[in-house]
Amino acid sequence: MAFAGLVALSNVSFRVPAGRIHGLIGPNGAGKTTLFNVITAIIPPSSGSVLFETRDITGASPHRVARLGIARTFQNVRLFRNQTVLENVMVGTFRHTGAGMMSGLLRLPRAVAEQRRTETEAVECLDFVGLSDLIDRDAEALPFGQQRLLELARALALRPKLLLLDEPAAGLNHRETEKVGELIRSLPARGITVLLVEHNMALMMSVADAIVVLNYGVKIAEGTADEIAANGEVIRAYLGDEDIG
Amino acid sequence: MKARLDRPQILLGLLALAIIGAFLLLHGNYLISALVLAAIYAIVITGLVLLTGLNGQYSLGHAAFFGIGAYTSALLTIAGVPPLLASAAAIAITGAFGAIIGVPLLRLRGYYLAVATLAFQLIMLSVLNGWRQVTLGPSGMANIPPYAIGRWVVRGESAYYWLTWIVAFLCIWGGVNLWRSRIGQALLAIKSDEAAAAAMGINVSALKVQIFALSAALAGLGGSLYAHYVTFISPERFGPIASFELLLGALLGGVGTPFGAILGALLLIALPEVVAPLRDYKVMVYGIVFILVSLYLPLGIAGLIQGTYVRLCGGRRPGALAAQTGKTEAGA
C-alpha cells in the first residue's frame, strides 16, 4: 500500500477469523490506522486486496463496505455533533433500514413504524454501553469518555459482522478502560468479530485472542498474547534499538 | 431544535391558525396580495432551509429554479395544458435540473458551492433573455392563464391566498417530517462529518444530490404558482439579486427549522417596504443585513426565538442549534 509517496504498508497479510477478537499493535506510525482506512475503503490500496467473508471488497466505496457489515470507530472520535445521543445511534441503523426521502416527507406509516423500531434498537445499543440515561443530550456535550462509548454504541447499531476499533481506550481513565475492555470481550457472543488497535497493552492482552504486530508498515509478528509478549523482535520494536536508523 | 421538533404538531397548528387569522383580519386589504407573495417565497425558502439547514449546502441560484418553474408553467398552460399538470412538470423539470447540476457541485463546499450556483444562475438568466423563440426574451411573457384545479378556476386575491398558503403549509409540514426522518437525520450526519456518515453505510453523494434536487423542485413549484398569480413574467425577476434575496430570507428567518422559512418569507416581503426610501441603495442594505445576520444571528430569527424560549422556560440550551451552522452563538 503506497501512500503519498511513502510506502505506509507493504505486504501486510493476515486473516481475522470470525467470532474472535484480533489485536493489531505497533509503534506510532506503524500503519495501523492506514490499514483500517484501507479496509473501510477510505484509502484505496495501490496493490493487494481486502477480502471480507468470501468477497473481494478492494476498491469498493466506504458506504458499500459499511453496508456489507463492517463498522468502525475513529481514533479521534467522530460523532455527529449537531445531533443528540439517541439520534447519533439512530443514524447507525441506516444500513438496515430503508425509508426513502418521499416516505420521510409524507411521514408514511411504514416510515414511522420503521423509525419506532430503530429507536428501540438504538436505545438497546445505548443501554449496552451504559448511556441510556443520556439519550436527549447533545452528543458534543458529553465528556470524552462517554463520547467514546457513544461512538461504540453507534457502530453497534449497524449490527456489524466485523467491528474495527481504533484505540477505543485512548484518553480514558482506568475505570473507563476496564469498562471498555468488558464491552469488547462481550462482542463475540453477539456474533461480532473484532479487529482492535490499542496502545494500552494490559487491555490488549486481556481481550485479544490473537495479535498482529506491525512496524514501519511491515508485519513483524503474529500470535497469541503470550507469544507476542515473549517475542524479541516485538520488544525491540517497542523499546527501540540503537541499530535502527 | 429537538425539543421543539418533538412536538411540531403544536407549531403546525399555530401556523394554520395564523394563516386563517391573517385572512380574517386582512380580508379585502391590499396586504393580502403581499401575503400571497410571502406564501410563494415561503415555498421556495423551505427548499433553501432544507438544503442549508439539513445538509450545509448553500445556493445562490435558486431564483433560476424559481424562473424555470415559472416559465415551464407559463409555456405549458399557454399551450393549453391544465395548470395542475404544468405544476407537476415544473416540479419534475426543476428537480431534474437540480439533480443534473447537483452532481458536479458535489465536489464543492461552502462558498465555492455558492459561487458555482451563482454561475448557474447567470447562465439561466442569459438563456431566459436570449432564447427569444421560447421565452420571448427580456420583454417577458404576458397573459398567463389563471391557476385551476379541475373545474375550479382560481380567481381573485382571496382564492390565491388559500391556494398558496395551503401549498406553503404542506411544504413546511413535509420539511418538518423530513427533518425527523431517517433521510433527514442522515443528511444532518453528512453535514457534520461526511466520512463518518459514509462509515454508517450512507451514500453521501446520492443524498447530497437528492436534497439539492428536492430543494430545486420546491423552487420550481413556487415559480409555477407565481407565474399564474402575477400572469406576467420576465427574466429580470429571476436574476442574481432575487437569488440573493431568497438566501437572505432563509438565513434571516433561520435555517435550523422549516418554520424559519415562514419568517424569512414575511421579512422578504416587509424589507422592501422598510428600505423603499433608499431606492437604489436597497441592495446595499441587503448586503449589510446579510453580514450582520451571519455574524450575530447564525440561526436567524427562528433560532433567536427558540433560544429565548429555552432560556425563559428552562430546558435545553440552544447549543445544538448553534452548532448547526458551524458557528457559535456569538451575539445572542
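Below: a short report on this structure. (Residues numbered from 1 in each chain as written. Chains lettered and ligands numbered in written order. Predicted model: local features only at pLDDT ≥ 70, side-chain atom pairs only at ≥ 80, totals over all residues. Heavy atoms only, no water.)

**Section: the overall build of chain B**
Now for step 1: Helix and strand content of chain B: 16 helices and 2 strands.
Now for step 2: Taken over the C-alpha trace, chain B has a radius of gyration of 19 Å; the compact-globule value for 332 residues is 20 Å, and the two agree within 12%.
Now for step 3: Dimensions of chain B, computed from C-alpha atoms along their principal axes, come out at roughly 55 × 45 × 40 Å.
Now for step 4: Expressed as a percentage of the 332 residues in chain B, the buried residues total 57%. (Helix = DSSP H or I, 4+ residues; strand = E, 2+ residues; numbered from the N terminus. Rg over C-alpha atoms; globule rule 2.2 N^0.38 Å. Buried < 20%, exposed > 50% of the residue type's maximum accessible area, 1.4 Å probe, protein only.)

**Some details on the sheet that holds strand β7 (residues 162-166) of chain A**
Residues and elements named next belong to chain A.
Now for step 1: One open sheet holds the 6 strands; their spatial order is β6-β7-β8-β3-β9-β10, and the pairing between them is mixed. Unpaired on one side and paired on the other, β6 (70-72) and β10 (218-223) mark the two borders of the sheet. Within the sheet, the average angular offset between the axes of one strand and its neighbour, ignoring direction, is 20°.
Now for step 2: Here 5 bridges tie β7 to strand β8 (residues 193-197), and the two strands are oriented parallel to one another. Looking at the pairing, D166 lines up with V197 of β8.
Now for step 3: Docked against the sheet, helix α6 (residues 144-156) engages β6 and β7, running at close to 160° with respect to β7. (Pairing = 2+ DSSP bridges. Axes fitted to C-alpha atoms, helices over the stretch in contact; angles between N-to-C directions. Contact = heavy atoms within 4.5 Å.)

**Some thoughts on helix α3 (residues 85-92) of chain A**
Now for step 1: Within α3(A), 8 of the 8 residues are buried, which leaves it mostly tucked inside the rest of the structure.
Now for step 2: Inspection of α3(A) places A:V85, A:L86, A:E87, A:N88, A:V89, A:M90, A:V91 and A:G92 among the buried residues, and these make up the whole buried set.

**Let's talk about the interface of chain B and chain A**
Now for step 1: Each side of the interface is counted separately: chain B has 38 residues, and chain A has 35 residues.
Now for step 2: Carbon and sulfur atoms supply 57% of the area that chain B and chain A bury against each other, a total of about 3200 Å² over both sides.
Now for step 3: Where chain B meets chain A, there are 1 salt bridge.
Now for step 4: Residue A:R78 pairs with B:D193 through a salt bridge whose shortest N-O separation is 2.8 Å.
Now for step 5: For the pair chain B and chain A, the number of links is 11 residue pairs in polar contact (both at pLDDT 80 or more).
Now for step 6: Residue assignment for the side of chain B that touches chain A shows that the elements contributing at least two residues are α8 (156-180), α9 (182-192), α10 (194-198), α11 (204-230) and α16 (319-323) of chain B.
Now for step 7: When residues of the side of chain B that touches chain A are assigned to their parent elements, the largest contribution, 9 residues, is made by α9(B). (Buried area = accessible area lost by both parts, 1.4 Å probe. Salt bridge = Lys/Arg side-chain N within 4 Å of Asp/Glu carboxyl O. Polar contact = N/O pair within 3.5 Å; in protein donor to acceptor, adjacent residues only side chain to side chain.)

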